[in-house]
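Understanding the architecture of this molecule
Single-letter residue listing:
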Amino acid sequence: MVVRDEYFCGILEELIQESRLLMSKEFIQHGCTSVYAHSVQVAYESYLYAKRKNLKVDYRQLIRGALLHDYFLYDWHNQLTPHHLHGFFHPGIALRNASEDLVLTAIERDIIRRHMFPLTIIPPRYTESWIVCWIDKCCSMRETIFRRKASRMSVS
Ligand SMILES: [Fe+2]
Ligand SMILES: [Fe+2]
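Going along each chain's sequence as written, the residues are numbered from 1 onward. For naming, the first written chain is A and the first written ligand is 1, with later ones following in the order written. Residues qualify for local features only when their pLDDT is at least 70, as the model is predicted, and side-chain atom pairs are given and counted only at 80 or more; totals for whole chains, interfaces and linings, by contrast, use all residues.

Some thoughts on the overall build of the chain
- Note on conventions: DSSP H or I runs of at least 4 residues are helices, E runs of at least 2 residues are strands, and numbering of each starts at the N terminus. What the chain contains, in helices and strands, is six helices and two strands.
- Each helix and strand of the chain, placed in order from N terminus to C terminus, yields the pattern α-β-β-α-α-α-α-α.
- For 156 residues, the compact-globule formula gives about 15 Å, and the C-alpha radius of gyration of the chain, at 15 Å, lands near that figure.
- C-alpha atoms of the chain, sized along the principal axes, occupy 45 × 35 × 30 Å.
- The burial label depends on the number of other C-beta atoms within 10 Å of a residue's C-beta. Counts of 20 or more mean buried, 12 or fewer mean exposed, and intermediate counts mean partly exposed, with C-beta atoms placed from the backbone. The proportion of buried residues among the 156 residues of the chain is 34%.
- At a minimum sequence separation of 6, the contacts of the chain that also span at least 24 residues come to 61%. Radius of gyration here uses only the C-alpha atoms, and the compact-globule reference equals 2.2 Å multiplied by the residue count raised to the power 0.38. Contacts are defined on C-beta atoms placed from the backbone: any two residues whose C-beta positions lie within 7 Å are in contact.

This is how it looks when you write it as structure tokens:
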């Protein structure tokens with residue numbers, strides 16, 4: 001993915017300076033996609049979607065919340081806990097990590113905490129959170145399908 005938007009890149013670079021976001025390059029999300037690449041993809045697509053639809057949202061908080069939505073900072077494939085429990089617990093872990101490094105707004109906190117809805121029961125509260133919740137699922141599905149196709153091609 002090539003990110004060409006100056007406003008988006010400015011927020012991304014600022015967040016990289018203030019947080020441990022680059023650490024997420026070391027961890028795989030789905031297939032061969034790192035958590036970092038996944039987070040940038042979700043943030044950029046959420047931002048482009050909101051712009052395209054002319055939605056009344058705060059772009060800065062939308063981008064920051066999306067960049068931090070998977071800020072759990074561990075390899076969930078190598079955990080002793082079953083994978084499905086990662087789905088339940090990682091939003092809370094991501095929020096705790098992000099709160100250690102940054103002062104978060106209510107919207108940014110909600111984006112991180114509620115992005116796994118409906119797996120986690122309480123729905124998002126803000127439009128920004130609903131956008132990230134939806135775009136995250138689209139990106140995750142694409143990464144998983146791409147991985148399946150790639151592994152089928154490597155077998156044959
Ligand atoms: Fe997540
Ligand atoms: Fe995600």
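Moving on, there is more to tell.
Remarks on unusual backbone geometry
- A cis amide bond links Phe117 to the next residue, Pro118, at an omega of 10°.
- Tracing the backbone through its elements, the reader meets Pro118 in the loop between helix H5 (106-114) and helix H6 (127-155).
- For Asn54, which is not glycine, the phi torsion reads 55° and is therefore positive.

Quick word on the environment of Leu55
- Its place among the elements puts Leu55 in the loop between helix H2 (35-52) and helix H3 (59-67).
- Judged by the 14 C-beta atoms lying within 10 Å of it, Leu55 falls in the partly exposed class.
- Distance in space between the C-alpha atoms of Leu55 and Glu128 is 9.3 Å, their sequence separation being 73 residues.
- Not counting chain neighbours up to four residues away, the residues in contact with Leu55 comprise Ala50 and Thr127.

A word on the packing of H3 against H5
- Running from N to C, H3 and H5 point in directions that differ by 35°, and their axes come no closer than 8 Å. Classified by chirality, the crossing of H5 by H3 is right-handed. Within the contact between the two elements, H3 uses Gln61, Arg64, Gly65 and Ala66 and H5 uses Ile107, Glu108, Ile111 and Ile112.
- Along the lines of polarity and charge, the residues of the contact of H3 with H5 split into four nonpolar, two polar and two charged. Structural elements are reduced to axes, namely lines fitted to C-alpha atoms, with helices fitted over the stretch in contact, and the angle between N-to-C directions of any two is expressed from 0 to 180 degrees. In this scheme the handedness of a crossing depends on how the near helix is turned from the far one: anticlockwise by less than a right angle means left-handed, clockwise means right-handed. For this classification, Asp, Glu, Lys and Arg are treated as charged, while Ala, Val, Leu, Ile, Met, Phe, Trp, Tyr, Cys and Pro are nonpolar and the rest, including Gly, are polar.

Concerning the packing of H2 against H3
- Where H2 contacts H3, the two axes come as close as 8 Å, and the packing angle between them is 155°. Accordingly, the angle class assigned to the pair H2 and H3 is roughly antiparallel. The handedness of the crossing between H2 and H3 comes out as right-handed. Two secondary-structure elements touch here, H2 through Ser39, Val40, Val42, Ala43, Ser46, Tyr47 and Ala50 and H3 through Tyr59, Leu62, Ile63, Ala66 and Leu67.
- The residue inventory of the contact of H2 with H3, partitioned by class, reads ten nonpolar, two polar and no charged. Here roughly perpendicular refers to angles of 65 to 115 degrees, roughly parallel to angles under 35, roughly antiparallel to angles over 145, and oblique to all remaining angles.

Brief notes about the nonpolar core
- Think of a nonpolar core as buried Ala, Val, Leu, Ile, Met, Phe, Trp, Tyr and Cys residues chained together by C-beta atoms that fall within 7 Å. Counting 30 residues, the largest nonpolar core has Ala43, Ala66 and Leu67 as the members making the most contacts within it.
- Going through the elements one at a time, helix H1 (6-18), H2, H3, helix H4 (83-101), H5 and H6 are the ones with two or more residues in this core.
- If we ignore the near neighbours within four places in the chain, the residues touching Ala66 are Val42, Ala43, Ser46, Ile111 and Val132.

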